[in-house]
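Each chain, letter by letter, is given below.
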Amino acid sequence: MIAAPEIPTDFTLLQESETHFSSDTDFEDIEGKNQKQGKGKTCKKGKKGPGEKGKGGNGGGKPAGPNRMNGHHQQNGVENMMLFEVVKMGKSAMQSVVDDWIESYKHDRDIALLDLINFFIQCSGCKGVVTAEMFRHMQNSEIIRKMTEEFDEDSGDYPLTMAGPQWKKFKSSFCEFIGVLVRQCQYSIIYDEYMMDTVISLLTGLSDSQVRAFRHTSTLAAMKLMTALVNVALNLSINMDNTQRQYEAERNKIIGKRANDRLELLLQKRKELQENQDEIENMMNAIFKGVFVHRYRDAIAEIRAICIEEIGIWMKMYSDAFLNDSYLKYVGWTMHDKQGEVRLKCLTALQGLYYNKELNSKLELFTSRFKDRIVSMTLDKEYDVAVQAIKLLTLVLQSSEEVLTAEDCENVYHLVYSAHRPVAVAAGEFLYKKLFSRREPEDDGLLKRRGRQGPNANLVKTLVFFFLESELHEHAAYLVDSMWDCATELLKDWECMNSLLLEEPLNGEEPLTDRQESALIEIMLCTIRQAAECHPPVGRGTGKRVLTAKEKKTQLDDRTRITELFAVALPQLLAKYSVDAEKVTNLLQLPQYFDLEIYTTGRLEKHLDALLRQIRDIVEKHTDTDVLEACSKTYHALCNEEFTIFNRVDIARSQLIDELADKFNRLLEDFLQEGEEPDEDDAYQVLSTLKRITAFHNAHDLSRWDLFGCNYKLLKTGIENGDMPEQIVIHALQCTHYVILWQLAKITESSSTKEDLLRLKKQMRVFCQICQHYLTNVNTAVKEQAFTILCDVLMIFSHQIMSGGRDMLEPLVYTPDSSLQSELLSFILDHVFIDQDDDSNSADGQQDDEASKIEALHKRRNLLAAFCKLIVYTVVEMNTAADIFKQYMKYYNDYGDIIKETMSKTRQIDKIQCAKTLILSLQQLFNEMIQENGYNFDRSSPTFSGIKELARRFALTFGLDQLKTREAIAMLHKDGIEFAFKEPNPQGESHPPLNLAFLDILSEFSSKLLRQDKRTVYVYLEKFMTFQMSLRREDVWLPLMSYRNSLLAGGDDDTMSVISGISSRGSTVRNKKTKPATGKRKIPEGAFLTEESSSSDSMWLNREQTMHTPVMMQTPQLTSTIMREPKRLRPEESYMGVYPMQPEHHQAPLDYNRRGTSLMEDDEEPIVEDVMMSSEGRIEDLNEGMDFDTMDIDLPPSKNRRERTELKPDFFDPASIMDESVGLVKRGGN
């Protein structure tokens, strides 16, 4: 047994790399070195090869035979090409590299071992060298300590963690080298009680190091060494069994035929094999107890993963020795690891075991103990872990169905509706294996039958039952997609589904209920859509991928099958279910996936006529919007000019529209007759006809029927009389909207006359006026419709309409006047920013229903988003957003994301104007508080505290890069100071200005000022203060004192230059050898003293005149700014024209969860570790979670030294930020 040194607790992990070994090479015993002198003595000499990156080894006293090692010349015992370099290059065959080393080992094993020791040291990234003198006279711990001292501090990287293809290949080469080394030495050298003892002692000592590089590299080496030894042990076991069988066979022969010499040889061979196996077991025990037992719970997740990956290989490779509870428990325990990559290795290791059904009996106890944990891992926050957990349960299910309970299976079933496709597909496979893969004996006779009598009929019913029982009826597309890969044959059996819907049930067969038929039609539609489109449903996947040639052929074949079957069956299905709105809506979507050419090539025109007749009948029977829109889309799909059926369908469509338009004009004329009171029947007829026309106008150009006039007459009458039914008004507004959009599309796509433009302009303006009138309607639904359409029209006909070289549309540009903007804003304030309980109208008085509340909230969010879009695209003035921004805190849960995104977009458009809007919103809240409570309010009141909290949130949205927001923050303070001193106290100057308390709110933004700018703002503040004010110390003057203090504080600890990563371009070239003093960089005080005098009295004056929102700006892309990297400006592009700009250095994210004590506590020089998993959901968002103004960057010391070399002092002019010329430069840069 190898004496395993005690190793401090460390947690390690690695990746699996299985190596196969051949046993075809043997080596001579050189000078009796292979002689065994006792059992259980593996570390005979006690040499422990420690160290790090070495550049060669002293050969000691013995010559190295020919002056070559590994095929390379040596000079004075130091190689020109080290073993590390040969492996790193990876150009030579690994076996030849190992053979060269073995050859050198035969000549002088000390020199060869020294080379191997330095190889492991170098692979750890250490520049130290273990010399022959150190090897002979120093203990392992002393050598490792010396190697640790020689570690390079310039970088925390080492070969196993370095990026790049070369280093990724190095890892595999490193693992391969160890495996080939053991394989080539397995017949002699590994039993010499010297080489393996030294290597194992070295790796054991290094794995106990506090240096991550040593620990990681040595653990990987030790685990790969163990894997190679397991393979040797397995071969020895096989040879022993073979030898035993040969011995038994020879011994059982009769005495006359028995060869005693052969018996003695077999006995001797078995004895040798047994001795070898005992030694291999001693080596494996030493590695397992000296390395694995400590490193499987290392602080580093990657090291832990290594251990779990390799133990999985051992159990799979040599199950007789390792597949027992003594080893399985480590995998079971580690399934609770905090890092996903470690849990993932546990599951993949177990999959290799459960895949082999012969091993199931050995896994029974483990399964019963850890089954619940595996089931719970299907909900793991790491999707990769969840996928592998489901796959593991599928293997468990295949091995024994009794192991998983019904509750266990149900926990997996519902994952077929997961939005993450790999999880859903894995769950779909589990579901299929459990419910659909088994075939009853009586089904064997049905294999050749089709349709209702086919083998899939019962499986289709089972699928329907499962779908209904899941109570997630709207997610049929997700269910189909989840099972698409594993149950394609079942899901594409459309003949069976069609026969189940159309044919009568067989004798004794239970017919499908109405609910089941609806579910079957929905599932059938989803399978047809998936086959025709060949991509997952919306919400799954990243988008459409390029299909392979085989997939394209399958797609075409499926579309042909679908068309041939349903071109005939669809009219029959529509006729059977014509009165059922839900079924008809789904069935009418099928023609979208037809190959319309087959109607002609297959001589199916009569079936097309039958389909058109059924659609016409459905239009006449139904007034449901979904049904009518489905009919409209079906006509649109069939009216394709590329196919010969176009004329036939176009005639049918025109006839239908003609009838509807004539009927609508006739009904409208009677409905609007003066002096007559329209009855309910007339209103119903008008509404139903208008619904049909509106649904068709959505997908079809009905301009030739001139629908604008009749709709305008209808809407105008509704305004004059005020008694028009709300649904008629809603659909009339929608239909008129479509009329205008189709006219705009026609003008845009083709050359148009000036008369067409003027007519459209007139109609559009008149329509906007009508919508504006209906904003004051008594009915909420009408107002919401008018508001939504008005926002859309203003967006479409804004200045954006001329983008893309469409200058000819300039006459159509429409900018809302101030009254319209005011009405739109009033609508938002009255109908969006309300409590749930007050919103009884929009939810039809069903606020007790949770679903209705969610729907009402969704509607209000859409209304707010529509208005915010007008702000973002500068259709309305940016200052109107002040009324939106001030609701940020109060309605954060409902609309916080929308409001924050609006802030972000407006800041991209104009930082100055956005800042002025933010301060305006705070001023409005302050004035509202004054009106409610008077000027003598309590500054500790919830209202005032709420305004301060809102200001704090606003300040956090500016982020950490103070240079980018420098001018905006300065302007914000300017407006805030002016507001605070705007209203003098009527009682005289001895009393504070009426709005002075606003400075308390303004102080929340002081931390966003640069130190230079704080001084400048302070100078500006003093212009409003009298000498007496500065002497006041009463409570009423506390806001002024606190604001002054906020401007004066933080001068010595301002670290903005480090935070924003700004350093001078003119700084000297980086010098790695330079080690300036550490600590936070400070800008010289003289920079302020010399610059203060440059601030003129007029630096704030006339500033307002240059602050205007740009009239035309490029359309901001509607993406979250949090996902976009900040734009880097060149010095000449920056608004800070007088300031030298410097390259950015991205700061590493802060670790809020660092454990107080860990293994790396004394070793944070090479690399800083994060032992704990990152917590979720703690921080509301990226900007707001960082409630601080400065921070220190936690980098390795050497990096800090290099960075600080570049952080030269920046000499800013604090007054120039207020100077008008700089502002002009800035705006020009935008």
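Per an unreviewed UniProt entry, the chain goes by the name Cohesin subunit SA and belongs to Chelydra serpentina. Here the chain is described in UniProt, under the heading Sequence similarities (unreviewed entry), as follows: "Belongs to the SCC3 family." Listed under Subunit (unreviewed entry) in UniProt, the entry text for the chain is "Part of the cohesin complex which is composed of a heterodimer between a SMC1 protein (SMC1A or SMC1B) and SMC3, which are attached via their hinge domain, and RAD21 which link them at their heads, and one STAG protein."

Engineer: Got a minute to help me understand the overall build of the chain in this structure?
Structural biologist: Across its full length, the chain holds 49 helices and three strands. Per-residue burial over the chain gives 52% buried out of 1230 residues. Within the structure as shown, the chain displays about 57100 Å² of accessible surface, and the carbon and sulfur contribution to it stands at 48%.

Engineer: Is there a simple way to think about the pattern of salt bridges in this case?
Structural biologist: Side-chain pairs of opposite charge can arise where the charged atoms are in close proximity. According to the stated counting rule, one finds 40 salt bridges in the structure shown. A salt bridge links Lys974 to Glu978, with the shortest nitrogen-to-oxygen separation between them at 2.8 Å. Taken together, the residues Lys974 and Glu978, both in helix H40 (residues 966-980) and four residues apart, mark about one turn of the helix. A cluster of three or more residues bridged by salt bridges with shared partners is formed by Arg939, Lys948, Asp1000 and Glu1004.

Engineer: Which parts of the structure should I look at to understand the side chain of Gln763?
Structural biologist: Mapped onto the elements of the fold, Gln763 is located in helix H32 (residues 754-774). The exposure class of Gln763 is buried, given its relative accessible area of 12%. A polar contact is formed between the side chain of Gln763 and the side chain of Gln743, at a distance of 3.1 Å. Ignoring anything within four residues of it in the chain, the contact list for Gln763 reads Phe708, Ile740 and Gln743.

Engineer: Would you take a moment to explain the packing of aromatic side chains for this structure?
Structural biologist: The description of an aromatic ring pair rests on the distance of the ring centres and on the angle between the ring planes. Counted according to the given criterion, the structure contains 40 aromatic pairs. Pairing Tyr432 with Phe436 gives two aromatic rings, centres 6.1 Å apart and planes at 10 degrees, and the pair type is stacked. Within this pair, Tyr432 and its partner Phe436 are both found in helix H17 (residues 421-436), separated by four residues, close to a single helical turn. By relative accessible area, Phe436 is classed as buried at 2%. For the ring pair Phe833 and Tyr891, a centre distance of 5.3 Å and an interplane angle of 55 degrees mean the geometry is tilted. Placement of the pair is Phe833 in the loop between helix H34 (818-831) and helix H35 (850-872) and Tyr891 in the loop between helix H36 (882-885) and helix H37 (892-909), with a sequence separation of 58 residues.

Engineer: Would you mind going over the side chain of Lys886 with me for this structure?
Structural biologist: Turning to its location among the elements, Lys886 is positioned in the loop between H36 and H37. Taking the relative accessible area as the measure of exposure, Lys886 reaches 10% and is therefore buried. Engagement of the side chain of Lys886 in a polar contact is seen with the side chain of Asp883, the distance being 3.2 Å. Discounting chain neighbours no more than four positions away, the residues touching Lys886 are Ser921, Gln924, Leu925, Glu928 and Leu950.

Engineer: Just checking my understanding: could you explain helix H15 (residues 383-399) for this structure?
Structural biologist: Every α-helix winds through 3.6 residues per turn, so residues three or four apart in the chain are directed the same way. Along its 17 residues, H15 runs 25 Å from first to last C-alpha, staying within 8% of the 24 Å computed at 1.5 Å per residue. Most of H15 is tucked away: twelve of the 17 residues are buried. Looking at H15, one finds that the buried residues are Val385, Ala386, Val387, Gln388, Ala389, Ile390, Leu392, Leu393, Thr394, Leu395, Val396 and Leu397. Buried residues in H15 make contact with helix H13 (340-354), helix H14 (364-376), helix H16 (406-413) and H17.

Engineer: What is the right way to read the environment of Leu660 from this model?
Structural biologist: Mapped onto the elements of the fold, Leu660 is located in helix H28 (residues 646-671). For Leu660, a relative accessible area of 8% puts it in the buried group. Each C-alpha atom, one on Leu660 and one on Leu690, is 8.5 Å from the other, the two residues being 30 residues apart in sequence. Non-local contacts of Leu660, meaning those with residues more than four positions away in its chain, are made with Thr689, Arg692 and Ile693.

Engineer: Would you mind going over the packing of helix H33 (residues 780-796) against H34 with me for this structure?
Structural biologist: Helix packing geometry: the angle between the two helix axes and the distance between the axes. At a minimum axis separation of 11 Å, H33 and H34 run at an interaxial angle of 135 degrees. By the angle class used here, H33 and H34 are oblique. Where H33 crosses over H34, the handedness of that crossing is left-handed. Where H33 abuts H34, its residues Thr780, Lys783, Glu784, Phe787, Leu790 and Leu794 lie against Leu820, Leu824, Phe827, Ile828 and His831.

Engineer: Honestly, the packing of H17 against helix H19 (residues 476-483) in this entry has me stumped. Any pointers?
Structural biologist: Interhelical geometry of H17 versus H19 gives an angle of 75 degrees and a closest axis separation of 7 Å. For the element pair H17 / H19, the angle class is roughly perpendicular. Residues Arg421, Ala424, Val425, Gly428, Leu431, Tyr432 and Phe436 of H17 form the contact with H19, whose own contacting residues are Leu479, Asp481, Ser482 and Met483. Looking at side-chain class alone, the contact of H17 with H19 contains seven nonpolar, two polar and two charged residues.

Engineer: Help me out: how do you make sense of unusual backbone geometry in this one?
Structural biologist: Trans peptide bonds make up most of the peptide bonds, and negative phi angles are found at most residues other than glycine. A positive phi angle, close to 55 degrees, is found at Arg603, a residue other than glycine. Relative to the assigned elements, Arg603 resides in the loop between helix H25 (597-601) and helix H26 (605-621). Although it is not a glycine, Asp706 sits at a positive phi angle of roughly 50 degrees. Inspection of the secondary structure assignment puts Asp706 in the loop between helix H29 (680-699) and helix H30 (707-721).

Procedures and definitions
Residues numbered from 1 in each chain as written. Predicted model: local features only at pLDDT ≥ 70, side-chain atom pairs only at ≥ 80, totals over all residues. Heavy atoms only, no water. UniProt positions renumbered as here; feature names shortened; annotations may be inferred. Helix = DSSP H or I, 4+ residues; strand = E, 2+ residues; numbered from the N terminus. Buried < 20%, exposed > 50% of the residue type's maximum accessible area, 1.4 Å probe, protein only. Areas by Shrake-Rupley, 256 points an atom, 1.4 Å probe, with all protein chains shown as cover. Salt bridge = Lys/Arg side-chain N within 4 Å of Asp/Glu carboxyl O. Polar contact = N/O pair within 3.5 Å; in protein donor to acceptor, adjacent residues only side chain to side chain. Contact = heavy atoms within 4.5 Å. Phe/Tyr/Trp six-rings, centres within 6.5 Å; stacked < 30°, edge-to-face > 60°. Expected span 1.5 Å × (residues − 1). Axes fitted to C-alpha atoms, helices over the stretch in contact; angles between N-to-C directions. Parallel < 35°, antiparallel > 145°, perpendicular 65-115°, else oblique. Left-handed = near helix turned anticlockwise from the far one by under 90°. Nonpolar A, V, L, I, M, F, W, Y, C, P; charged D, E, K, R; others polar.

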